[in-house]
Amino acid sequence: MKTIRVIIPSRMAGDRLDAALSVMLPNSSRSRITSLIKSNDALINKQSFKPKDRVKGNEVVTLQLRQKQTHNWTPENIPLDIVFEDEDIIVINKSVGLITHPGAGNWSGTLANALLNHDKNLSKLDRAGIVHRLDKNTSGLMVVAKNLMSQKHLVEQLQAHLVQREYSAIVYGHMISGGTINEPIGRHSKDRIKQAVTTSGKKAITHYRVINRYANHTHIKAILETGRTHQIRVHLSHIGHPLVGDSIYGGRLRFPKKADGEMKHALKVFQRQALHSKKLTLSHPKTGKSITWKIELPDDMKKLLEVLNSFDQ
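As a starting point, this report considers the structure included with it.

Right, let's get into the pairing of strand β3 (residues 60–65). The two faces of the sheet receive side chains in turn, since in a regular strand these alternate between them. What you see with β3 is a clean split: V61, L63 and L65 sit on the buried side and V60, T62 and Q64 on the side with no burial. Pairing between strand β1 (residues 2–7) and β3: 6 bridges, direction antiparallel. Following the sheet pairing, R5 is matched in β3 by T62. In this sheet, β3 lies alongside strand β2 (residues 42–44) in antiparallel orientation, the contact comprising 3 bridges. Looking at β3, one finds that A42 is bridged to L63.

Another aspect to go through is the pairing of strand β14 (residues 290–294). In β14, alternate side chains face the same way, and those of I291 and W293 are buried while those of S290, T292 and K294 on the opposite face are not. Bridge count for strand β13 (residues 275–283) against β14 is 5 bridges, and the pairing is antiparallel. If you follow L280 over to β14, its bridge partner there is W293. Between β13 and β14, which pair antiparallel and follow one another directly, the connecting turn spans 6 residues, one of which, G288, has a positive phi of 80 degrees.

Turning next to the side chain of S168. Within the secondary structure layout, S168 lies in strand β7 (residues 164–172). For S168, a relative accessible area of 1% gives the class buried. Within the structure, the side chain of S168 is placed 2.6 Å from the side chain of H219, a separation counted as a polar contact. Excluding anything up to four places from it in sequence, S168 contacts I211, H219, I220, A274, L275, H276, K278, L297 and M301.

Here we take up the nonpolar core. In this structure, L115 and L236 are the most contacted members of the largest nonpolar core, which totals 28 residues. Listed by contribution, the elements that provide at least two residues to this core are β5 (89–94), α3 (111–118), β6 (139–145), β7, β12 (217–224) and α5 (231–238). In terms of residue count, α3 provides more of this core than any other element does, 4 residues in total. Ignoring anything within four residues of it in the chain, the contact list for L236 reads V171, M175, I181, I220, H241, P242 and L243. Residues L17, L21, L36 and V61 belong to the second largest nonpolar core, which totals 18 residues.

This part is about the sheet that holds β2. If you walk across this open sheet you meet the 3 strands as β1-β3-β2, and the pairing is antiparallel. Both edges of this open sheet fall to β1 and β2, since each of them pairs with a single strand only. Averaged over all pairs of adjacent strands, the angle between strand axes in this sheet comes to 20 degrees, irrespective of strand direction. Relative to the sheet, helix α2 (residues 30–38) contacts β2 and β3, its axis offset from that of β3 by approximately 100 degrees.

Criteria and thresholds
Residues numbered from 1 in each chain as written. Predicted model: local features only at pLDDT ≥ 70, side-chain atom pairs only at ≥ 80, totals over all residues. Heavy atoms only, no water. Buried < 20%, exposed > 50% of the residue type's maximum accessible area, 1.4 Å probe, protein only. Helix = DSSP H or I, 4+ residues; strand = E, 2+ residues; numbered from the N terminus. Pairing = 2+ DSSP bridges. Polar contact = N/O pair within 3.5 Å; in protein donor to acceptor, adjacent residues only side chain to side chain. Contact = heavy atoms within 4.5 Å. Core = buried A, V, L, I, M, F, W, Y, C linked by side-chain atoms within 4.5 Å. Axes fitted to C-alpha atoms, helices over the stretch in contact; angles between N-to-C directions.

Below you can see the structure in the form of structure tokens.
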């Protein structure tokens, strides 16, 4: 445990204490500072205070910084497809079937276990530096922080919707054009595994554009403005165009009229949602430079599009 003392200057008088401390402690996120205040690990004159309390000026704040360990997760030798890495971040092309981090029923074999094996220093960061997630059966680009400074900056970019995430998806139905879905998403009222469009949910915005139309399917790109759980899957299902292969939101398997054997087989064997994180743009935590990464579609989605295209001829 590390103890530090911070004197808040009088020029910050009137600011919220959590906001002032986030300025004074640039390597700690606002959410972490709030957590320290609420757990009484941040005190003024040995007295607790609230995050929303206002600065009077020249307060001496004592903070107890506990080094976070990553839930005792175990390093495992799992191959990683690393697209980019420097001393601050790692960009990964996550494979289908790889769970992001351990949880109930899946305490091993995850991306987090692989990351801890790749770099033991990630054990010092919350969630092994993972700042956002992809569903188990969604493939594609993810960014991981390698130090506290990077973690703070990436989390703040995500919260401010400054990270651009573009997905490629194959959906049921013939979409006429692109559009925007602005519908709140929250937990399903009856099925706790699912999310749903609900008035009590959190703001969720998905933009989509048509890449190619087929007889009974459409290849689109989806751009997240927010990042709710299962957002793209829920939104597209809500407008009547669920993802091919989505066992939770896609409903029953549907074949086009006059579908031949090749088409039926291709749809039957596609056992995961047809969704791939194809493009990622963010500001580098250290340099501030905007960087974009792009990757190709995985083989299973390429094969499915080939079959859809041949059926459409």
